[in-house]
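# Architecture at a glance
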Amino acid sequence: MENHGLIASVMIIYLSLLILWGVYQGRKVKTGRDFAIAGRKLPGWAAALSERATGESSWALLGLPGAAYAMGLTEIWTAAGCVAGIITAWALLAWRLRDEAEKYNVSTFTEYISAKHGDYGKIIRIVSSLAIVFFFFFYVGAQFLGGGKTLHTLFGIKPLSGVLITAGIIIPYTIYGGFRSVVYTDVIQAVIMIITLVVAPVAGVIYLLDNPGLFATGIGEALVRSGDSYVSLTGAAKGFGAGILITGGFSWFFGYLGGQPQLSVRFMAVRDPKQAKKARNIGIAWTIIAYVGALMIGWIGIAIFGPAGLSDPEYVMPSVVMKLFHPVIAALLITGAIAAMISTADSLLILSATELSENIFKRQKETGDQEEGSLKRHRITTAAIAVVALALSYISPSKLIFTIVSYVWAGIGCTFSVVILFSLFCRRYHGLAAVITIISGIVFTIFWISGGFEQHYRVTEDKTQFLISQNIIGSDQATRLVSLEGKKFVSSSKFESALKQHLDAPGEKSLPVITTAYTRKGVPARLTTFLFALLAAIVSTFLIAPRSPSRP
């Protein structure tokens with residue numbers, strides 16, 4: 001990508017100002033409660049923008065436009081599922097969680113669940129916190145790796161050096177200012193993100209009309225010229241395959257129903273009911289505008305570059321922006337995309353630290369001077385978790401980290417969505433039922449994903465012929481792959497190992513293409529985990545008696 005030096009300069013200035021802003025906000029943190037949840041005094045606009053920046057991360061600027069570029073209209077189902085889930089959360093759950101946090105005087109996500117179900121509160125607090133912290137260790141590590149990859153792609157920096165730079169940006173102000181610093185830096189990210197997602201599509205449509213020599217002069221023409229799969233809502237799939245595609249995309253809905261701790265804690269932190277209504281309106285409006293803009297950027301990318309014009313679809317937004325705007329403006333918008341990863345990384349880091357500090361290390365209620373001790377404990381815990389997550393990103397294979405992260409949306413998000421929904425709307429839901437729901441959902445997620453039911457790899461003749469037609473493999477290599485036909489591989493590492501043995505060390509670039517071609521999608525764990533956890537909640541609520549009164 002051209003103008004590396006300019007982008008680097010803009011990024012350094014932007015991130016330096018961002019860090020200073022985070023440190024400034026951190027000066028107002030005086031107690032452990034300030035550190036964990038900003039004293040539950042956030043204005044609605046700050047809570048809404050922070051929740052959206054954290055929830056979208058680089059997804060809205062890189063992931064969704066890239067998916068729209070690669071898949072065409074099919075990606076509408078994913079966008080619809082996400083938007084429906086976010087609107088439902090803001091309209092039905094956000095204000096209820098705010099009121100519940102105030103009622104029970106709690107600072108963390110699992111502290112609320114344990115307070116709600118006092119009979120099994122201690123068990124819920126320990127099981128929930130350990131599960132969240134374990135998975136989020138790897139989630140934070142994945143954000144560090146993502147930052148390293150992005151810096152490597154843009155500037156040629158070694159990936160591990162990029163990881164250190166990313167961590168160096170995030171860790172200091174998060175340790176110092178906690179939740180408050182994280183929220184107000186998120187606000188800046190959300191503003192930059194929405195500007196990008198509004199301005200880029202408008203400029204893109206004008207650019208297409210003024211430049212007739214491109215692949216297409218409009219989005220509709222670009223999709224039609226790209227092939228039948230691009231203009232079909234099911235990617236030209238039919239029958240059961242079409243059903244799987246639609247449910248797979250829309251199943252993102254279930255993870256937004258209160259089960260993502262890093263999002264729900266922002267609902268809990270809103271100052272009062274009036275501010276909760278403002279937050280709801282801002283959150284919903286931001287989401288609808290952002291998702292429409294993200295899809296349009298991907299489709300505009302097809303019109304400008306053609307369906308095969310980019311080596312990595314996830315970089316369609318930077319490519320489009322560099323084409324449309326003056327380098328300084330483009331550099332600022334691209335920097336916003338990089339910084340969006342920070343919104344997720346710092347939020348996950350502060351959530352993990354407060355969960356561990358409040359629910360595992362805290363031994364008694366703290367008042368007065370003890371609150372200063374809790375602030376110190378929070379900061380030490382945050383630093384420790386950051387070091388562990390950074391070490392994991394160095395030591396653990398990146399595929400292992402991203403595999404474990406794939407468990408988070410289903411195992412944490414969809415499982416805890418059921419727990420939150422039942423806690424808010426079912427009076428008979430008791431502590432033992434909550435414990436059973438949590439354990440059932442997490443265990444089922446591990447079983448479903450590790451068993452290859454969500455995704456697996458299988459060599460088939462039609463895909464082999466496709467790879468030959470694209471000159472990815474030769475006829476002699478195809479012959480050697482025949483022995484793998486019919487075998488099911490549940491992990492990409494084992495499948496790639498088998499490919500290397502049969503293909504005599506395929507090229508670094510061709511191996512991912514071959515692996516992707518043989519990937520078989522199943523029923524997403526997001527859907528099955530939600531349904532299984534829902535069943536566990538219903539059975540345990542109505543058929544298993546609680547040990548003691550189910551409400552404190």
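Worth saying up front: this structure is predicted, and the values here are computed from it rather than measured. Per chain, the residues get numbers from 1 upward, laid out in the order the sequence is written. Local features in this predicted model are restricted to residues whose pLDDT is 70 or higher, and side-chain atom pairs enter the listing and the counts only when it is 80 or higher, whereas totals over whole chains, interfaces and linings include all residues. Excluding hydrogens and water, the side-chain figures rest on all heavy atoms present in the structure.

### A look at the packing of aromatic side chains
What describes a pair of aromatic rings is the distance from one ring centre to the other and the angle between the planes of the rings. Rules: Ring pairs shown here join Phe, Tyr and Trp side chains whose ring centres sit within 6.5 Å, with only the six-membered ring taken for Trp; geometry is labelled stacked below 30 degrees between planes, edge-to-face above 60, and tilted in between. Each helix corresponds to a stretch of at least 4 residues labelled H or I by DSSP, and each strand to a stretch of at least 2 residues labelled E; elements are numbered beginning at the N terminus. Accessible area is worked out with a 1.4 Å probe on protein chains only. A residue is then buried under 20% of its type maximum, exposed over 50%, and partly exposed in between.
Taken as a whole and assessed by the stated rule, the structure comprises 21 aromatic pairs. Ring centres of Trp 21 and Tyr 24 lie 5.9 Å apart, and the angle between their planes is 25°; on these two criteria the pair is classed as stacked. Taken together, the residues Trp 21 and Tyr 24, both in helix 1 (residues 4–26) and three residues apart, mark about one turn of the helix. By relative accessible area, which is 31% here, Trp 21 ends up partly exposed.

### Some words on the packing of helix 9 (residues 219–226) against helix 13 (residues 273–305)
To characterise two packed helices, one gives the angle between the axes of the helices and the distance between these axes. Our working rule: Lines fitted to C-alpha atoms define the axes here, with helix axes fitted over just the stretch in contact, and angles between the N-to-C directions of these axes take values from 0 to 180 degrees. Orientation categories follow fixed angle ranges, with anything under 35 degrees roughly parallel, anything over 145 roughly antiparallel, 65 to 115 roughly perpendicular, and all other angles oblique. Left-handed describes a crossing whose near helix is turned anticlockwise from the far helix through less than a right angle; right-handed describes the clockwise counterpart. By definition, residues are in contact when any of their heavy atoms lie within 4.5 Å.
The N-to-C vectors of helix 9 and helix 13 enclose an angle of 65°; their axes lie 8 Å apart at closest approach. Considered as vectors, helix 9 and helix 13 are oriented roughly perpendicular to each other. Seen from above, helix 9 lies across helix 13 with left-handed handedness. Contact with helix 9, carried on its side by Ile 219, Ala 222, Leu 223 and Ser 226, involves Met 296, Trp 299, Ile 300, Ile 302 and Ala 303 of helix 13 and no other residues of that element.

### Digging into unusual backbone geometry
Unusually for a residue other than glycine, Arg 40 sits at a positive phi of about 55°. Unusually for a residue other than glycine, Asn 105 sits at a positive phi of about 55°. Assignment of secondary structure puts Asn 105 in the loop between helix 5 (76–104) and helix 6 (109–116). Looking at Asn 105, the relative accessible area reads 39%, which means it is partly exposed.

### Side note on the pattern of salt bridges
To keep things clear, this is the line we draw: Take a side-chain nitrogen of Lys or Arg and a carboxyl oxygen of Asp or Glu: if they are within 4 Å of each other, that pair is a salt bridge.
Enumeration over the complete set of coordinates arrives at six salt bridges. A salt bridge links Arg 52 to Glu 51; its shortest N-O distance comes to 2.7 Å. Taking relative accessible area as the criterion, Glu 51 reaches 2% and is therefore assigned buried. When the shortest N-O distance is used, the salt bridge between Arg 98 and Glu 102 registers 3.1 Å. In this pair, Arg 98 and Glu 102 both sit in helix 5, four residues apart, roughly one turn of the helix.

### Brief notes about helix 11 (residues 239–250)
To be explicit about the condition: Helices are assigned an expected span. That span is 1.5 Å times one less than the residue count. An arc is given here, and it is the one of the directions from the helix axis to the C-beta atoms.
Taking 1.5 Å of rise per residue, the twelve residues of helix 11 would be expected to cover 16 Å, and the 17 Å separating its terminal C-alpha atoms lies within 8% of that figure. For helix 11, the full list of buried residues reads Ala 242, Ile 244, Gly 248 and Gly 249. End-on, the buried residues of helix 11 take up no more than an arc of 160°, which puts them together on one face. Among the exposed residues of helix 11, those pointing more than 90 degrees away from its buried face are Gly 239 and Phe 240. Residues of helix 11 that are buried make contact with helix 5 and helix 23 (525–543).

### Looking at the environment of Leu 484
The topology assignment puts Leu 484 in the loop between helix 20 (475–481) and helix 21 (492–503). Judged by relative accessible area, which is 2%, Leu 484 ranks as buried. Here the alpha-carbon distance between Leu 484 and His 502, two residues 18 residues apart in the chain, equals 8.8 Å. Those residues in contact with Leu 484 that sit more than four places away from it in its chain are Val 459, Phe 489, Ala 498, Leu 499 and His 502.

### Quick look at the packing of helix 8 (residues 159–210) against helix 14 (residues 316–324)
For clarity, the threshold we go by: Residues are grouped as follows: Ala, Val, Leu, Ile, Met, Phe, Trp, Tyr, Cys and Pro are nonpolar; Asp, Glu, Lys and Arg are charged; every other residue, Gly included, is polar.
Closest axis-to-axis distance for the helix 8/helix 14 pair is 10 Å, and the angle between their directions is 60°. Classed by the angle they form, the pair helix 8 and helix 14 counts as oblique. Crossing handedness for the pair helix 8 and helix 14: left-handed. Across the interface between the two elements, Thr 196, Ala 200, Ala 203, Gly 204 and Tyr 207 of helix 8 pack against Met 317, Lys 323 and Leu 324 of helix 14. Of the residues assigned to the contact of helix 8 with helix 14, the class counts are five nonpolar, two polar and one charged.

### What about a nonpolar patch on the surface?
Which entries qualify depends on this criterion: Residues enter patches when their relative accessible area tops 30% and they take part in no salt bridge; the joining distance is 9 Å for like charges and 5 Å for the nonpolar side chains Val, Leu, Ile, Met, Phe, Trp and Tyr. In this description, accessible areas are obtained by the Shrake-Rupley approach with a 1.4 Å probe, and a residue is regarded as covered only by the protein chains that are shown.
Taken together, the side chains of Val 191, Ile 195, Val 198, Val 199, Val 202, Ile 206 and Ile 289 present a nonpolar region at the surface, about 530 Å² in accessible area. For the nonpolar patch, the leading source of residues is helix 8, giving six residues. Structurally, the position occupied by Val 202 is in helix 8.

### Describing the side chain of His 117
Rule in force here: Pairs of N or O atoms are called polar contacts if they sit within 3.5 Å, as long as, within protein, a hydrogen donor faces a hydrogen acceptor (for residues adjacent in sequence, only side-chain-to-side-chain pairs).
Among the structural elements, His 117 can be located in the loop between helix 6 and helix 7 (121–155). In this structure the side chain of His 117 is engaged in a polar contact, spanning 2.9 Å, whose partner is the side chain of Ser 423.

### Topic: the environment of Arg 428
Relative to the helices and strands, Arg 428 resides in the loop between helix 17 (398–425) and helix 18 (431–450). Between the C-alpha atom of Arg 428 and that of Ala 545, which follows or precedes it by 117 residues, the distance is 9.9 Å. Arg 428 has contacts with Thr 541 and Phe 542, leaving out every residue within four places of it along the chain.

### Here we look at helix 6
Counting buried residues in helix 6 gives seven out of eight residues, a clear majority hidden from the surface. Listed as buried for helix 6 are Phe 109, Thr 110, Glu 111, Tyr 112, Ile 113, Ser 114 and Lys 116. Where helix 6 begins, the side chain of Thr 108 points an oxygen toward the backbone nitrogen of Glu 111, at a separation of 3.1 Å.

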